[in-house]
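# Examination of the molecular architecture
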Amino acid sequence: MVRYSPASLTFLAILLGCGGGSSGPASPTPSPQVGGEYDVAVALAQNSCGSAVQVQSQPTSVTHSAGATTFTLVHGGLRVTGNVARDGAFTTQPVSVQDTLGPAQLAMSGRFSTTGLDATVTVDVQRAAPSTACRYVVAWSGTKRGSPNVLG
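Residues numbered from 1 in each chain as written. Predicted model: local features only at pLDDT ≥ 70, side-chain atom pairs only at ≥ 80, totals over all residues. Heavy atoms only, no water.

### Digging into the overall build of the protein chain
A tally of helices and strands in the protein chain yields one helix and nine strands. Traced from its N-terminal end to its C-terminal end, the protein chain shows the element sequence α-β-β-β-β-β-β-β-β-β. Looking at the protein chain as a whole, 29% of its 152 residues are labelled buried. Look at the contacts in the protein chain between residues 6 or more apart in sequence, and 48% of them connect residues 24 or more apart. Of the roughly 9,200 Å² of accessible surface on the protein chain, 56% is carried by carbon and sulfur atoms. (Helix = DSSP H or I, 4+ residues; strand = E, 2+ residues; numbered from the N terminus. Buried < 20%, exposed > 50% of the residue type's maximum accessible area, 1.4 Å probe, protein only. Contact = heavy atoms within 4.5 Å. Areas by Shrake-Rupley, 256 points an atom, 1.4 Å probe, with all protein chains shown as cover.)

### Regarding the nonpolar core
Counting residues in each nonpolar core, the largest one holds 27 residues, and the members touching the most others are Met 108, Phe 112, Val 125 and Trp 140. For this core, the elements supplying multiple residues, two or more each, are strand S1 (36–47), strand S3 (70–75), strand S4 (78–84), strand S7 (102–112), strand S8 (116–126) and strand S9 (133–144). The residues touching Met 108, leaving out its near neighbours within four places in the chain, are Leu 73, Val 80, Phe 90, Thr 91, Thr 92, Ala 119, Thr 120, Val 121 and Trp 140. (Core = buried A, V, L, I, M, F, W, Y, C linked by side-chain atoms within 4.5 Å.)

### A short note on the pattern of salt bridges
Applying the stated criterion to the full structure yields three salt bridges. The partner of Asp 39 in a salt bridge is Arg 145, and the shortest N-O contact between them spans 3.0 Å. Residue Asp 39 is located in strand S1, and its partner Arg 145 is located in the segment after S9; the two are separated by 106 residues in the primary sequence. The salt bridge partner of Asp 87 is Arg 111, with a shortest N-O separation of 3.1 Å. You can see Asp 87 sitting in the loop between S4 and strand S5 (89–92) and its partner Arg 111 sitting in strand S7, a full 24 residues away along the chain. Note on Asp 87: relative accessible area 41%, which makes it partly exposed. (Salt bridge = Lys/Arg side-chain N within 4 Å of Asp/Glu carboxyl O.)

### Observations regarding the environment of Gly 152
One can find Gly 152 in the segment after S9. Sequence spacing of Gly 152 and Ser 31 is 121 residues, and the spatial spacing of their C-alpha atoms is 5.3 Å. Setting aside residues up to four positions removed in sequence, Gly 152 forms contacts with Ser 31 and Arg 86.

### Focus: the side chain of His 75
Along the chain, the position of His 75 falls in strand S3. Leaving out residues up to four positions away in the same chain, His 75 has contacts with Val 40, Val 42, Gln 56, Ser 57, Gln 58, Pro 59, Thr 60 and Trp 140.

### Section: the pairing of S5
Of the two faces of S5, the one holding Phe 90 and Thr 92 is buried and the one holding Ala 89 and Thr 91 is not buried anywhere. The pairing of S4 with S5 spans three bridges and is antiparallel. Bridged to Val 84 within S5 is Phe 90. Here S4 hands over to S5 after four residues, with Gly 88 in that stretch at a positive phi of 100°. In this structure, S5 lies alongside S7, joined through three bridges in antiparallel fashion. Along S7, the bridge assignment pairs Ala 89 with Arg 111. (Pairing = 2+ DSSP bridges.)

Written as structure tokens, this is what we have:
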């Protein structure tokens, strides 16, 4: 005959209580989800290029598959691709553009929120005349149309 002490019976009860069926964790909604149309207001935040710099609001859309880390943003004729984190922070790859002042490199960083996006767009221009580089920075503030963004 095997005898169990009260302590070993308690331990056995705890072990048995830990087992059992489980359906596993619920499948979370993939995040982030930031695709859609945005109303974006733009404002010149910094400028070493002179008075010729003009910025304007344009129709803006984001193409993004739920849960993916990459996205494409189109603002007027500008098309950029970037990476977005679960918390909505994003950066785009630098892209060469033809600015009215000359050839330029454009990069963007910012954050998607549940209701829109905020971004800083940096444009580095190599001016032909005078032959010097200059930079201007544009602040974006966008409101999402339709369903809210989902962040993780």
